Amino acid sequence: MSPTLTGRRFIGRNALVTGAASGIGRSVVLRLAAEGASVLACDVDAAGLAETEKLATDSDGTVRTRVTDVRDPAECRAAVSAAVEAFGSLHVLGNVAGILRFNNVADVSEQEYRSMFAVNTDGYFFLCQAAIPHLLASRGNIVNIASNAGVMGGAYTVVYCMTKGAVIQLTRALAMEFLKTDLRVNAIAPGGTQTNIVRTAEFPADTDWELIGRYSLPKPLATPEQIAALFAFVASDEAANINGAILASDGGLTAG
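Let me begin by describing the structure that accompanies this report. (Residues numbered from 1 in each chain as written. Predicted model: local features only at pLDDT ≥ 70, side-chain atom pairs only at ≥ 80, totals over all residues. Heavy atoms only, no water.)

### A word on the packing of aromatic side chains
How two aromatic rings sit relative to each other is set out by the distance from centre to centre and by the angle between their planes. Across all of its chains, the model carries four aromatic pairs by this definition. Residues Tyr-113 and Phe-117 carry aromatic rings whose centres are separated by 5.0 Å and whose planes lie at 45° to one another, so their mutual orientation is tilted. Taken as a pair, Tyr-113 and Phe-117 lie in helix α4 (residues 110-138) at a separation of four residues, close to a single helical turn. By way of ring pairs, the aromatic residues Phe-102, Phe-203 and Trp-209 are connected into one cluster. (Phe/Tyr/Trp six-rings, centres within 6.5 Å; stacked < 30°, edge-to-face > 60°. Helix = DSSP H or I, 4+ residues; strand = E, 2+ residues; numbered from the N terminus.)

Now the structure itself:
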């Protein structure tokens with residue numbers, strides 16, 4: 001699906017986006033490139049990255065790809081360095097990569113726990129840490145993808161909720177630490193979205209579906225393109241007064 005553009009807000013701007021091989025990450029890359037950005041698209045999925053790059057062929061901007069495992073702090077630093085080397089500067093960091101597992105809390109393995117934190121939280125922190133000096137120089141900004149799970153409890157997703165709550169606090173704390181600079185740090189908190197994470201979700205055999213129903217809506221899931229449109233606004237100069245915000249895009253799920 002082609003983005004519906006509101007302008008060419010990212011001409012001359014350079015971005016790094018993780019989780020770029022599919023879903024929200026891919027849509028963010030395509031949206032920014034369509035509006036003129038040069039984007040380094042990062043993911044562990046090389047084939048998915050190649051497809052993202054192919055889809056961006058006719059964009060006004062440029063998309064380059066880098067296979068990157070955000071669980072590795074050294075890889076996070078290397079990705080930022082690669083973006084700056086390729087484009088000369090960095091204006092936008094988009095932390096999008098994420099994984100979700102549904103499980104009874106008693107059945108969560110240590111490996112599963114560590115893996116979710118490594119991707120969903122550690123990678124965000126180390127990418128922010130590496131990117132901030134460059135973003136300060138360019139008066140740039142960070143957009144983190146959090147989740148409604150970071151602001152409300154969810155059955156069978158205890159660890160995921162923990163990781164996304166940490167992303168929200170990372171966003172707020174960074175915004176406060178750099179409040180006297182031009183750096184902005186914001187987060188988007190989607191609800192259910194049509195991504196591979198949702199399509200491939202597997203629930204425990206003894207799932208109590210009444211509990212699941214407590215945090216679902218009688219509305220269609222969001223599309224990745226809808227989240228990408230909000231991302232592009234938040235990352236643009238039009239959102240210059242938005243800082244430290246957690247912007248819900250969940251169809252009203254967390255409204256009441």
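Picking up where we left off.
### A word on the packing of helix α1 (residues 23-34) against helix α8 (residues 224-235)
Where α1 contacts α8, the axes come no closer than 8 Å and their chain directions differ by 50°. The pairing of α1 with α8 is recorded here as oblique in orientation. Along this stretch, α1 crosses α8, giving a crossing that reads as right-handed. Contact residues: α1 offers Gly-23, Ile-24, Ser-27, Val-28, Arg-31 and Leu-32, while α8 offers Pro-224, Glu-225, Ile-227, Ala-228, Ala-229, Phe-231 and Ala-232. Classifying every residue of the contact of α1 with α8 by side-chain character gives nine nonpolar, two polar and two charged. (Axes fitted to C-alpha atoms, helices over the stretch in contact; angles between N-to-C directions. Parallel < 35°, antiparallel > 145°, perpendicular 65-115°, else oblique. Left-handed = near helix turned anticlockwise from the far one by under 90°. Contact = heavy atoms within 4.5 Å. Nonpolar A, V, L, I, M, F, W, Y, C, P; charged D, E, K, R; others polar.)

### Points about the environment of Ala-34
Looking at the element boundaries, Ala-34 is found in helix α1. Note on Ala-34: relative accessible area 13%, which makes it buried. Residues Ala-34 and Gly-192, spaced 158 residues apart in sequence, show a C-alpha to C-alpha distance of 25 Å. (Buried < 20%, exposed > 50% of the residue type's maximum accessible area, 1.4 Å probe, protein only.)

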